[in-house]
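# Commentary on secondary and tertiary structure
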Amino acid sequence: MNSPFVHQSVLLHETVDAIVGDTNGIYIDATFGRGGHSRLLLSKLSAQARVLAFDKDPEAIAVGQQLMAEDARFTIIHDSFASLENQLSQQQLMGKIDGVMADLGVSSPQLDDASRGFSFMNDGPLDMRMNPNQGQSAAEWLQTVSESELADVFFQYGEERHSRRIAKAIKKALEQQPITSTKVLAEIIATAHPAWERHKHPATRCFQAIRIAVNQELDDIKHFLPQAIEALKPQGKLAVISFHSLEDRLIKQFLQKQARGDDLPRDLPIRNSELNPQVKLLGKTAASHEEVSANPRARSAYLRKAQKL
């Protein structure tokens, strides 16, 4: 299936290089997208290796099925990465994985395709679901959520300072008629927003917040991270790309806690190794100036890496 919407994989080589160890091993691409990371990973592995990829998006699954037909080492799974343990347990693969990578957030084809409703740049139906066949669309969600809940979502997930004012304007507009298009919603937000940021559409933060809420993105990440560590064999590696501070903070705090080990009183006279740390931190990487110039969406990307002990 050839999509007119192209996805440039961010931090492509850095992510794949971070997890490759045994070239005969088993690897997970937790967010297949359009397969950039999976394809590069497969190019570095032997004929005995395996790559399992996950995605919620039916369009990504269609691309994955095409790759599966071309390469017997590859398997695509139509599920959220939050179901990693469930899927791997069925194949007796928990604790046997050499490397796990994830590229969080929304992909370029999802943003660029107006019919998916992720972006205010082109008018389209207000949907925003990673899997359009599951759960509530953004339009349906806006109808059901209360004004105070909506303001909280804007504040917490969009870090939007004018959350209450914007939530009030949206709920007022909904009293007249449903909001079913991205353009209409963006205009309501822009009109209600008192302080536009330079070089940033006033609806940016609110659209991000609605998308996170509709897809339960942060909850999925919270479920995924401990499962990813469990899935790895000792010395196996995890590499996760995030695109906004909420995701990055979640990953950073989780990995730091895993690296510290058991929560015991600080003055207890024991060695660090006795605290039972689960991982070794392998640092954080940002996209290069060259990559950001070629792909502006890479500018906010961070890659965090860790190795299971």
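Scoring rules and cut-offs
Residues numbered from 1 in each chain as written. Predicted model: local features only at pLDDT ≥ 70, side-chain atom pairs only at ≥ 80, totals over all residues. Heavy atoms only, no water. Helix = DSSP H or I, 4+ residues; strand = E, 2+ residues; numbered from the N terminus. Rg over C-alpha atoms; globule rule 2.2 N^0.38 Å. Buried < 20%, exposed > 50% of the residue type's maximum accessible area, 1.4 Å probe, protein only. Contact = heavy atoms within 4.5 Å. Pairing = 2+ DSSP bridges. Axes fitted to C-alpha atoms, helices over the stretch in contact; angles between N-to-C directions. Polar contact = N/O pair within 3.5 Å; in protein donor to acceptor, adjacent residues only side chain to side chain. Phe/Tyr/Trp six-rings, centres within 6.5 Å; stacked < 30°, edge-to-face > 60°.

Here the focus is the overall build of the protein chain. Tallying secondary structure elements over the protein chain gives 13 helices and 7 strands in all. On C-alpha atoms alone, the protein chain measures out to a radius of gyration of 21 Å, which is about the 19 Å that the 2.2 N^0.38 rule sets for 309 residues. Taken along its principal axes, the extent of the C-alpha atoms in the protein chain is 60 × 55 × 40 Å. Put simply, the protein chain has 309 residues, and 51% of those count as buried. Long-range pairs, those at least 24 residues apart, make up 68% of the contacts in the protein chain between residues at least 6 apart in sequence.

Glancing now at the sheet that holds strand β5 (residues 232–242). Pairing within the open sheet is mixed, and its 7 strands lie in the order β3-β2-β1-β4-β5-β7-β6. The open sheet has two edge strands, β3 (74–78) and β6 (279–286), and neither has a second partner. Neighbour-to-neighbour, the strand axes of this sheet turn through a mean angle of 15 degrees, independent of strand direction.

This part covers the side chain of D248. Among the secondary structure elements, D248 is positioned in helix α12 (residues 245–260). Within the structure, the side chain of D248 is placed 2.7 Å from the side chain of R304, a separation counted as a polar contact.

Further remarks concern the pairing of strand β1 (residues 26–29). Residues I26 and I28 point to one face of β1 and Y27 and D29 to the other, with burial holding for every one of them. Taken together, the 4 bridges between β1 and strand β2 (residues 50–55) define a ladder with parallel strand orientation. Pairing of I26 across the sheet is with R50, part of β2. The pairing of β1 with strand β4 (residues 97–103) spans 3 bridges and is parallel. Across the sheet, the residue bridging to I28 is V100, located in β4.

Glancing now at the packing of aromatic side chains. Aromatic rings in a pair are described by how distant their centres are and how their planes are angled relative to each other. One pass over the full model with this rule turns up 3 aromatic pairs. For the pair F32 and F74, a centre-to-centre distance of 5.4 Å together with 40 degrees between the ring planes defines the contact as tilted. On the criterion of sequence distance, the pair formed by F32 in the loop between β1 and α2 (36–43) and F74 in strand β3 is long-range, its members being 42 residues apart. One exposure class covers both F32 and F74, and it is buried. Considering the side-chain rings of F81 and F224, the 4.5 Å spacing of their centres and the 35 degrees angle between planes classify their relative orientation as tilted. Taken together, the positions of F81 in the loop between β3 and α4 (84–90) and F224 in helix α11 (residues 217–231) put the pair 143 residues apart, joining distant regions of the chain. Using a relative accessible area of 11% as the deciding quantity, one classes F81 as buried.

Here the focus is the pairing of strand β7 (residues 302–308). Of all 7 residues in β7, 6 are buried; the element is thus mostly enclosed. Summarising the sheet, β5 and β7 pair through 6 bridges and their orientation is antiparallel. Bridge pairing in β7 links V240 to R304. Alignment of β6 against β7, held across 6 bridges, turns out to be antiparallel. Residue K280 lies in a different strand from β7, and its bridge partner there is Q307.

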